[in-house]
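# Working through the structure, step by step
These are the residues of each chain, in order.
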Amino acid sequence: MKRGNGFLAAGLALTGLLAALVLLGFFWTPCDPSAMAAGPKFAPPSLAHWMGTDNFGRDIFSRVLQGAGATASIALATLAIGAVGGCLAGALTGYFGGPVDEVLMRLNDALTAFPSILLALVVISLLGPGKKSNVILALGLVFIPSFARVSRTAFTSLRDVNYIQSARLMGAPGGRILALHMLPNTLAVLLPALTIGFNNAVLAEASMSFLGIGVTPPDASLGYMLSEAQGMLFAAPWYAAGTGLAIVLMVFSVGLLGEGLRRRDKGVL
Amino acid sequence: MKDLLKRVLALLATMLAVSFLTFAAFSLISGDTATAMLGTSATPERLAALRAELGLDRPLAVRYGKWLLGFFTGDLGVSTSYQQPVRELLAPKVGLTLWLSLMSFVLITAVSIPLGVWSAGRRRFEGARTALNQLGMAVPPFFTGILLSWVFGVGLKWFMPGQFPDAGQDFAGAAVYLFFAAAALSIPRIAMTVRMLRSTVQEELGKDYVRTAISRGNGRRAVLRRHVLKNALPPVVTFLAQTMAEIVAGSIVVEQVFVIPGLGRMLVASIANRDYPVVQAIVVILALWVVLAGTAADLINQRIDPRLRLGGAA
């Protein structure tokens with residue numbers, strides 16, 4: 001029954017490759033992404049311009065590399081806010097319990113019932129649209145409840161386990177127990193949750209920027225580029241294809257990674 | 001009956017909380033509304049006069065009470081950017097978004113339930129199917145939307161991307177148009193529902209009662225249909241309600257891609273214009289939709305699963 005975990009291997013390989021490409025994009029791109037007339041206008045994909053060029057003759061592959069960098073870094077920042085905030089809330093309420101836990105979890109249930117993009121739109125309209133920091137803050141806040149729920153379940157299930165009780169009886173302080181004894185054992189649940197969170201963040205950011213209320217130029221993210229590409233669908237379909245495929249590939253490879261992590265944890269396949 | 005009453009009360013309480021929170025949040029920044037309408041060069045007197053006219057100078061609770069009363073009598077306030085009653089502005093759009101969402105919901109249910117059940121009973125190519133599933137979840141609706149408009153709109157000319165036909169004059173054209181939008185919206189959700197259904201059914205298949213039923217000579221297929229599905233259904237119903245909520249949110253993006261003049265497009269435009277009365281009304285309408293779907297799922301589950309009726313647990 002036991003077989004190599006293909007998902008984990010494929011996910012790691014693909015994600016690693018993409019991460020390397022995105023990192024490379026921060027330092028070097030084949031052409032200057034914002035240079036006009038790096039090639040002829042509306043040139044179809046070729047060896048010189050792998051994804052063709054747009055209406056200004058800008059090299060789309062270079063732009064996609066740069067846009068992927070923007071998208072990935074926003075998603076990571078969002079994830080950092082959501083995961084740290086959510087795990088802290090989940091760990092504390094899950095470990096200590098009590099009425100605060102009750103109230104917070106009720107609130108949490110109510111919040112998670114609402115689609116994250118809708119909540120993010122409300123928050124962004126309150127903060128003011130069009131700014132990168134606001135997008136990160138809005139999405140980060142919106143992702144806190146789901147992480148709180150996942151980590152709370154994980155921490156609650158460990159609360160009465162023997163080794164935790166022993167640690168408590170030996171007089172270990174709560175913070176130490178949470179960080180040293182419990183956190184490593186919740187990783188099996190938290191790591192897949194992180195991959196899902198990253199993907200949701202990528203998709204949410206791309207949607208908001210596509211709508212024109214997320215990130216706007218000069219930090220063009222993939223979502224914004226796709227809305228630009230839709231306008232020239234007749235003249236340069238490769239622009240939309242290249243940009244869209246970059247998003248799909250990013251989410252797909254991290255999705256595979258998450259699937260692999262889940263399987264490793266469950267011991268299936 | 002008592003259950004139903006309790007549900008309705010809970011629904012009302014949730015809606016009150018949601019609408020109050022939205023109202024309070026938008027009130028916090030609505031000092032901007034007067035400035036936004038008159039520009040920053042307006043004199044303080046004119047700003048004060050406009051605030052008094054809009055009722056912005058009164059306490060929050062009073063304004064909320066007035067707004068709530070207005071909401072129930074169909075008065076949603078006046079849009080600050082269109083100078084038109086919000087109700088008139090939104091009335092023709094609610095229907096479109098509703099149709100788009102329902103179409104997508106039917107599509108998701110009709111495709112994913114058979115696919116999920118079929119997939120649960122099979123072991124072959126499990127890895128490839130899971131990978132395909134991951135791919136389905138990775139395709140954002142706005143990208144699918146662009147692809148569909150390119151292939152079926154620009155290429156095959158089945159519809160004109162960007163020109164939504166008036167449903168009154170060209171019903172079939174509007175339906176085709178909405179169908180493609182709904183399809184774009186549905187693909188990732190279909191993948192998610194299949195995945196969910198598959199794991200639920202497989203979990204049930206591993207239980208003792210299934211082995212008992214099969215060892216007593218029942219066919220696998222009959223056991224699946226008669227026993228397993230019945231037990232696997234409640235979580236799926238709950239998941240579908242969540243899906244309904246996600247569809248509504250997703251329609252915001254898809255309406256933008258297909259240029260459908262529904263609530264979502266209005267919401268995005270109003271956020272950009274800082275037209276808070278409109279944003280507020282749309283958010284509350286969408287929230288009502290989400291909460292209604294959740295309540296419906298709970299009620300359906302209580303009907304099909306007697307275990308939920310006895311326990312009295314929510």
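Residue numbering note: each chain is counted from 1, following its sequence as written. Chain A is the first chain written and ligand 1 is the first ligand written, with later ones labelled in order. The predicted origin of the model limits local features to residues at a pLDDT of at least 70 and limits the giving and counting of side-chain atom pairs to 80 or more, whereas totals for whole chains, interfaces and linings rest on all residues. The side-chain figures draw on all heavy atoms in the structure; neither hydrogens nor water molecules are used.

A side chain of one charge can pair with a side chain of the opposite charge when the charged atoms of the two come close. When a carboxyl oxygen of Asp or Glu lies within 4 Å of a side-chain nitrogen of Lys or Arg, that pair is called a salt bridge. Summed over all chains, the structure comprises seven salt bridges over all chains. A:Glu259 is the partner of A:Arg263 in a salt bridge, and the nearest nitrogen-oxygen pair spans 2.8 Å. Pair noted here: A:Arg263 and A:Glu259 are both in helix α9 (residues 237-266), with a separation of four residues, about one helical turn. The partner of B:Arg211 in a salt bridge is B:Asp208, with the nearest N and O atoms 3.2 Å apart. Residue B:Arg211 and its partner B:Asp208 are located together in helix α9 (residues 208-215), separated by three residues, close to a single helical turn. For the exposure calls, accessible area comes from a 1.4 Å probe over protein chains only, and a residue counts as buried if that area is under 20% of its type's maximum, exposed if over 50%, partly exposed in between. Given the relative accessible area of 52%, B:Asp208 is considered exposed. Members of the salt-bridge network, linked through shared partners, are A:Glu259, A:Arg262, A:Arg263 and B:Arg195. Secondary structure elements follow DSSP: runs of H or I of four or more residues count as helices, runs of E of two or more count as strands, with numbering from the N terminus.

For the rest of this paragraph, the subject is the side chain of B:Glu204. All names here are of chain B. Relative to the helices and strands, Glu204 is located in helix α8 (residues 171-205). Here the side chain of Glu204 touches Tyr209 through a polar contact of 2.7 Å, side chain to side chain. In contact with Glu204, other than residues within four places in its own chain, are Tyr209, Val210, Val228, Asn231 and Ala232. By the criterion applied in these results, polar contacts are pairs of N or O atoms within 3.5 Å in which, for protein atoms, one can donate a hydrogen and the other can accept it, and in which residues neighboring in sequence qualify only through two side-chain atoms. By the convention used here, residues are in contact when the closest approach between their heavy atoms is within 4.5 Å.

Another aspect to go through is a nonpolar patch on the surface. Residue and element names in this part refer to chain A. Only residues whose relative accessible area exceeds 30% and that take part in no salt bridge are eligible for patches, with like-charged residues grouped when within 9 Å of each other and nonpolar side chains (Val, Leu, Ile, Met, Phe, Trp, Tyr) grouped when within 5 Å. Areas reported as accessible are Shrake-Rupley estimates using a 1.4 Å probe. Residue values count occlusion only from the protein chains shown. The grouping of Leu21, Leu23, Leu24, Phe26, Phe27 and Trp28 at the surface amounts to a nonpolar patch, some 680 Å² of accessible area in total. For Phe27, the position within the fold is in helix α1 (residues 6-27). A relative accessible area of 73% places Phe27 in the exposed class.

A word on the packing of aromatic side chains. Residues and elements named next belong to chain B. Side-chain rings of Phe, Tyr and Trp (the six-membered ring for Trp) are treated as a pair once their centres are within 6.5 Å; stacked means planes under 30 degrees apart, edge-to-face means over 60, and tilted covers the remaining angles. Here the structure, examined in full by the defined rule, presents 11 aromatic pairs over all chains. Aromatic pair Phe23 and Trp67: ring centres 5.6 Å apart, planes at 40 degrees, arrangement tilted. Taken as a pair, Phe23 in helix α1 (residues 2-29) and Trp67 in helix α4 (residues 60-72) lie far apart in primary sequence, 44 residues in all. Note on Phe23: relative accessible area 6%, which makes it buried. Judged by relative accessible area, Trp67 falls into the buried class, the value being 11%. Chaining the aromatic ring pairs together yields one cluster made of Phe20, Phe23, Tyr64 and Trp67.

The next point concerns the nonpolar core. Among the buried residues, those of types Ala, Val, Leu, Ile, Met, Phe, Trp, Tyr and Cys that are joined through side-chain atoms within 4.5 Å form a nonpolar core. One finds A:Leu121, A:Ile247, B:Phe258 and B:Leu267 to be the most contacted residues of the largest nonpolar core, which totals 107 residues. With sequence-adjacent residues up to four places away left out, B:Leu267 is seen in contact with A:Leu118, A:Leu121, B:Ile252, B:Val279, B:Ile282, B:Val283 and B:Leu286. Grouped together as the second largest cluster of nonpolar side chains are 14 residues, B:Met196, B:Leu224, B:Val228 and B:Val236 included.

With that settled, the discussion passes to the domain arrangement of chain B. Residue and element names in this part refer to chain B. Domain ranges listed in this record stem from an automatic or a database domain assignment. For chain B, the assigned domains read domain 1 (2-72) and domain 2 (90-313). Averaged C-alpha coordinates put domain 1 and domain 2 at centres separated by 33 Å. Taken residue by residue, the interface counts 16 residues in domain 1 and 14 residues in domain 2. Computed with a 1.4 Å rolling probe, the buried area is the accessible surface lost when two parts are put together, summed over both parts. For the pair domain 1 and domain 2, the summed buried area comes to about 1,600 Å², and 76% of that belongs to carbon and sulfur atoms. Together, Arg7, Met15 and Phe26 form the three largest contributors to the area buried by domain 1 at its contact with domain 2, with a combined 36%. Where domain 1 touches domain 2, the interface holds zero salt bridges.

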